[in-house]
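So you can see what is in the structure, the chains are spelled out below.
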Amino acid sequence: MKVDCSPDTAAPPHWLAVAVPTPAHSALAEPLTYRSAQPLPPGTLVRVPLGRREVLGVVWAAPPAPPAALAERTRTIAGALADVPPLDDAWRALIAFTARYYQRALGEVALAALPPQLRTLDAVQMARRLKRAPAAGADTPADQSKIIALTAEQTLALAEIDQNPGPFLLFGATGSGKTEVYMQAAQAALTQDAAAQVLVLVPEINLTPQLQARFAERFGAAAIACLHSGLTPAQRLKAWLAAHTGQARIVLGTRVAVLASIPHLALIVVDEEHDPSYKQQEGARYSARDLALYRGHLGHAKVILGSATPSLESWHASAPVAEGGAGRYQRLAMTHRVGATGDNAGLPRVLRVDMGRQPKGTLIAPPLLAAITERVARGEQALLLLNRRGWAPVLHCADCGWKSECPHCSAYRVFHKIDRTLRCHHCGLTERVPRACPACGNLDIGTQGRGTEQLEERIAELLAGVQRPSGEPVRIARIDADSTRGQGKLESALAQVHAGDVDVLVGTQMIAKGHDFRRVTLVAAINPDAALFSSDFRAPERLFALLMQSAGRAGRDAASGADSQMWVQTQHPQHPLFVALKSHDYPGFAARQLAERQQAGFPPFTHLALLRAEARSQDAAQAFLTALAAQAAALPAQDAAQAEALAQVRWYPAVPLAVQRVAGIERAQMLLESAHRPALQRVLAACQPLLHALRATPEHRAIVRWAVDVDPQGL
Ligand code: ADP
Ligand code: ZN
Ligand code: ZN
């Protein structure tokens, strides 16, 4: 039903503040005032005129009547989606916080959180969609017979979750049964309240079909709504409505799901909470993990963060104050794999190969090759990890020094042997491999370094004479962004591995996450050293997590767990990171990293924000940021708090990004750091009008775009 909104001259109009999708950098960050013939409660979806368009908006508040002169010009809403229940206070508070904290316009964040189809469906189509949704609570009850006897660690964790407010950090080894804890905590929440809803966040839905399947098996598919970026607009609307109307008792999704309307939210689970993909990298650069915590706090929902390798932020937040931690989360530990007996808690043995002692250019050291051979000959699977796709990262000429640089980016184009192309992994530029050096004509051009394509080819050569138990040859497959381009390709490749149709799987970090490969008993990191010396302070944390997660793929069956292996080929076998890995010592690794971070003044001991600018020239990009810093320093101290905030924020000089030029655009950034989060927030808010004004000046015409990244993941 469409509400009649034609101006009614008899009755006085009602005024509505409506959040609308204002252009990203228009400086119109606040809701706009409209008139309406009828009062509409906050949270109502409306269609309103904006410029020459009609757009979807959300009623935010009922403001006082504008001054007469302004009231004259105030436009009237075009209609309301009266059949959709209004978005509740908690949702609006979450959106308002997200916009404020991540320095974006309210309407932009609100509309980005709604399914796009809401913008185009008319009231009749909408009513039809709503009618199709079954009534709330009409789900099949959980199949109690599937509930298994818990391990002692699971029992303890669930008792703590039941009795305490949280938030909780479930620090559980891979295979320790975290998913079972999530499901039973969800079960408890749903049983306590017939309307309760649970939100389960996962890093990437494609990579975790098993989690989805396990929840569906336990709670019934009808009770679950999945929200992620791979859905069609119609599927997205359906899932969103199921969550919004309370029909879905469990909402399972990727980071976008944290902003979904879930009115009866009682529990939020963030699985693999350390995963960088929880941070949005464009638009409102929010962290779904951090918003989950805020949302739990707002709506009195319990929050469980789970990981075998927690982010150092969460680890610090969950350390007791007496141990120098923040004591804000309750840490629950599950250190043993389910069914583990003997040493190592059922985790694989870690073996380091000193590549300094191998002949130069060795790709796979003989002892590792022997181990792989032994495994596949026994009918087990091996997983080889190399974080570079393509055949070789650089093509070069030994005569004149030419290298396969991308003309548009400050990066090399990667040699892909399969289709004999040079491809830029930043801007996508793809060309045929030249027959001769483009600079000097030398016919003998060579490659430098190795990628997954080359590893796949070499391992096939090396295992050519090896037979599986059936006497057949070894089957090798590769999974990376190249091999899985196209709908359903990743799923089918993974299904092959699960079905046992692959003996050796080569891949990038895509294969390290979440998969429950039953027959993998050997995992090897072929060349993980680069991350040890990266300029990004988070690189060691990432590497350690990647290797621990990869090790977690090995021996997931309790029967093979004790006999499984994780190999690391390195020039630095004595590096503390690998020493900690050898004993599966995340706490030891984290303690050392945190001590370093404290000394260097990095998160979680300080808070960071990046101001980024892109322009045709590096000078222009940096000049914009430098001008902003100068203006911010000269901001009049409006009050004592503002002056104090400015004094508490440290500004670093503008610098080029690590990959400074992409597709012909130069990129620069400026780091802001503060020990006080509110001070940083205040200063960033004060910068917004300065940024808008600066951008509009002729001196800074060359600026293509700028952005603020609060709590950036990478520097
Ligand atoms: P995690 O999420 O910590 O990696 P999972 O929850 O996937 O671990 O558990 C690993 C395996 O152990 C799964 O196959 C799961 O079904 C099984 N499992 C979990 N808890 C139990 C239990 N209490 N008894 C028997 N098997 C269990
Ligand atoms: Zn040359
Ligand atoms: Zn390029």
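All of these numbers come straight from a predicted model, not from anything done at the bench.

Enquirer: Residues and numbers for the nonpolar core, please.
Expert: Of all hydrophobic cores here, the largest spans 127 residues; its most connected members are L45, W91, I95, L114, L199, L201 and V258. In terms of residues, this core owes the most to one element, helix α20 (residues 677-696), which gives nine residues. Every residue in contact with W91, bar those within four places of it in the chain, is listed here: V58, W60, A110, A113, L114, L259, A260, S261 and R295.

Enquirer: Lay out helix α17 (residues 586-600) with the relevant residues and their values.
Expert: When the terminal C-alpha atoms of α17 are compared, their 21 Å separation across 15 residues agrees well with the 21 Å that a helix rising 1.5 Å per residue should span. Turning to α17, its buried residues are Y586, G588, F589, A590, Q593, L594 and R597. Looking at the buried residues of α17, the elements they touch are β6 (168-172), α10 (312-317), α14 (539-551) and α16 (576-582). Looking at where α17 begins, the residue whose side-chain oxygen comes 2.8 Å from the main-chain nitrogen of G588 is D585.

Enquirer: Can you break down the environment of V433 residue by residue, with the values?
Expert: Relative to the helices and strands, V433 resides in the loop between β18 (430-432) and β19 (445-448). Classification of V433 by relative accessible area gives buried; the value is 16%. Sequence separation between V433 and P359 is 74 residues; the distance between their C-alpha atoms is 30 Å. Those residues in contact with V433 that sit more than four places away from it in its chain are L395, F415, R420, T421 and L422.

Enquirer: Could you give an account of the sheet that holds β18, with specific residues and numbers?
Expert: Pairing within the open sheet is antiparallel, and its three strands lie in the order β16-β17-β18. This sheet does not close on itself; its edge strands, each paired only once, are β16 (414-416) and β18. Each neighbouring strand pair of the sheet contributes to a mean axis angle of 30 degrees, computed without reference to strand direction. Where β16 lies against strand β17 (residues 421-423), three bridges are found, and the strand directions are antiparallel. Each residue of the ladder has a partner; that of V414, found in β17, is R423.

Enquirer: Which residues make up the coordination of the zinc ion (ligand 3), and what values do they have?
Expert: Bound to the zinc ion (ligand 3) on the protein side are C406 (SG), C409 (SG), C424 (SG) and C427 (SG), at distances that span 2.3 Å. In this structure, the zinc ion (ligand 3) is surrounded by four donor atoms whose angles at the metal cover 107 to 111 degrees, and the resulting shape is tetrahedral. Spacing between the donor residues of the zinc ion (ligand 3) along their common chain follows C-x2-C-x14-C-x2-C. Remark: C427 occurs in the loop between β17 and β18 and C406 occurs in the loop between β15 (394-397) and β16; sequence separation between them is 21 residues. The exposure class of C427 is partly exposed, given its relative accessible area of 30%.

Enquirer: Got a sec to walk through the coordination of the zinc ion (ligand 2)? Specific residues and values, please.
Expert: Within the protein, the atoms that donate to the zinc ion (ligand 2) are C397 (SG), C400 (SG), C437 (SG) and C440 (SG), at distances of 2.3 Å. Each of the four donor atoms around the zinc ion (ligand 2) contributes to a set of angles spanning 105 to 113 degrees, which defines the coordination as tetrahedral.

Enquirer: An account of the environment of R677 is requested, with residue identities and associated values reported.
Expert: Relative to the helices and strands, R677 resides in helix α20. Taking relative accessible area as the criterion, R677 reaches 33% and is therefore assigned partly exposed. The contact partners of R677, leaving out residues within four places of it in the chain, are Y101, H607 and D711. At 2.4 Å, the side chain of R677 and the side chain of Y101 are in polar contact.

Enquirer: Describe helix α5 (residues 152-163), with residues and values.
Expert: The terminal C-alpha atoms of α5 lie 17 Å apart, and with 12 residues this matches the ideal 16 Å at 1.5 Å per residue to within 8%. In this structure, the buried residues of α5 make contact with β6, α6 (178-192), β11 (302-307) and β12 (330-334).

Enquirer: Give a description of the packing of α6 against helix α7 (residues 209-219) that names residues and reports values.
Expert: Where α6 contacts α7, the two axes come as close as 11 Å, and the packing angle between them is 40 degrees. α7 is crossed by α6, and the crossing has right-handed handedness. Here T179, E180, Y182, M183, Q184, A186, Q187 and L190 of α6 come into contact with α7, specifically with L211, R214, F215, R218 and F219. Partitioning the contact of α6 with α7 into residue classes produces seven nonpolar, three polar and three charged.

Enquirer: Go over the side chain of H244 with me, naming the residues and quoting the values.
Expert: Secondary-structure assignment places H244 in helix α8 (residues 233-244). At 2.6 Å, the side chain of H244 forms a polar contact with the side chain of S261. Other than its neighbours up to four places away in sequence, H244 contacts V84, P85, P86, L87, S261 and P263.

Enquirer: I'd like a rundown of the pattern of salt bridges, residues and numbers included.
Expert: Within the structure shown, the criterion is met by 29 salt bridges. With a closest N to O distance of 2.7 Å, K279 and D709 form a salt bridge. Linking K279 in the loop between β10 (265-271) and α9 (288-299) with D709 in strand β28 (residues 703-710), this pair joins segments that are 430 residues apart in sequence. Judged by its relative accessible area of 3%, K279 is buried.

Enquirer: Quick rundown of the site of ligand 1? Include the residues and the values.
Expert: Inspection of the region around ligand 1 gives 17 residues, with A149, Q154, G175, K178 and R214 positioned closest. At a separation of 2.7 Å, a nitrogen atom of ligand 1 approaches a polar backbone atom of A149. The contact in question runs from an oxygen atom of ligand 1 to an N or O atom on the backbone of G177, over 3.1 Å. The fraction of the free accessible surface of ligand 1 (550 Å²) that becomes covered by protein chains is 76%. Element by element, the count of residues in the shell around ligand 1 is highest for α6, at three residues. Per-class residue counts for the shell around ligand 1 are five nonpolar, seven polar and five charged.

Enquirer: Run through the packing of α14 against α17, naming residues and quoting values.
Expert: Interhelical geometry of α14 versus α17 gives an angle of 170 degrees and a closest axis separation of 11 Å. The orientation of α14 with respect to α17, classified from their angle, is roughly antiparallel. Here P540, E541, F544 and M548 of α14 come into contact with α17, specifically with Y586, F589, Q593 and R597. Residue classes in the contact of α14 with α17 are distributed as five nonpolar, one polar and two charged.

Enquirer: Tell me about unusual backbone geometry, and please be specific about residues and values.
Expert: G166 connects to P167 through a cis peptide bond whose omega is -5 degrees. Structurally, P167 is set in the loop between α5 and β6. Of the consecutive residues P603 and P604, the connecting peptide bond is found in the cis state with omega at 5 degrees. Inspection of the secondary structure puts P604 in the loop between α17 and β24 (607-615). For R420, which is not a glycine, the phi torsion comes out positive at approximately 45 degrees. By secondary structure assignment, the location of R420 is in the loop between β16 and β17. A positive phi angle is found at A663, which is not glycine, with a value near 50 degrees. Of note, A663 is situated in the loop between β26 (655-662) and β27 (665-674). With relative accessibility at 45%, the residue A663 sits in the partly exposed group.

Rules used throughout
- Residue numbering note: each chain is counted from 1, following its sequence as written.
- Chain letters and ligand numbers both follow the written order, the letters beginning at A and the numbers at 1.
- Reporting in this predicted model follows two pLDDT cut-offs: at least 70 for local features of residues, and 80 or more for side-chain atom pairs to be given and counted; totals over whole chains, interfaces and linings ignore these cut-offs and use all residues.
- With hydrogens and water set aside, each side-chain value is computed from the structure's full complement of heavy atoms.
- Think of a nonpolar core as a cluster: buried Ala, Val, Leu, Ile, Met, Phe, Trp, Tyr and Cys residues, connected wherever their side-chain atoms sit within 4.5 Å.
- Buried, partly exposed and exposed residues are distinguished by accessible area as a fraction of the type maximum, computed with a 1.4 Å probe on protein chains only: under 20%, between the cut-offs, and over 50%, respectively.
- Numbering goes from the N terminus for both helices and strands, where a helix is a DSSP run of H or I of at least four residues and a strand is a run of E of at least two.
- Between two residues, a contact is recorded if the distance between any of their heavy atoms is within 4.5 Å.
- What a helix should span is 1.5 Å times the count of its residues minus one.
- Within 3.5 Å is the distance limit for a polar contact, defined as a pair of N or O atoms, with the added protein rule that one can donate a hydrogen and the other accept it, and that residues adjacent in sequence qualify only through two side-chain atoms.
- Whether two strands pair comes down to DSSP finding at least two bridges between them.
- Angles shown run from 0 to 180 degrees and are taken between the N-to-C directions of axes, each axis being a line fitted to C-alpha atoms and, for helices, limited to the stretch in contact.
- Shown as donors are all N, O and S atoms within 2.8 Å of a metal ion, widened to 3.2 Å for Na, K and Ca; because water is not in the atom set, sites may appear incomplete.
- Square planar and octahedral sites, with four and six donors, are those where opposite donors lie more than 155 degrees apart and all other angles lie between 65 and 115, tetrahedral sites have four donors with every angle between 85 and 135 degrees, and the rest are irregular.
- Crossings are sorted by hand: turned counterclockwise from the far helix by less than a right angle, the near helix makes the crossing left-handed, and turned clockwise it makes it right-handed.
- Think of it as three bins: nonpolar holds Ala, Val, Leu, Ile, Met, Phe, Trp, Tyr, Cys and Pro, charged holds Asp, Glu, Lys and Arg, and polar takes everything else, Gly as well.
- Salt bridge, as applied in this entry: a Lys or Arg side-chain nitrogen positioned within 4 Å of an Asp or Glu carboxyl oxygen.
- Proximity is defined per residue: if any heavy atom of the residue lies within 4 Å of a molecule or strand, that residue is considered near it.
- Note on areas: Shrake-Rupley, 1.4 Å probe, and residue coverage restricted to the protein chains presented here.
- Throughout, the term roughly parallel applies to angles under 35 degrees, roughly antiparallel to angles over 145, roughly perpendicular to angles from 65 to 115, and oblique to all others.

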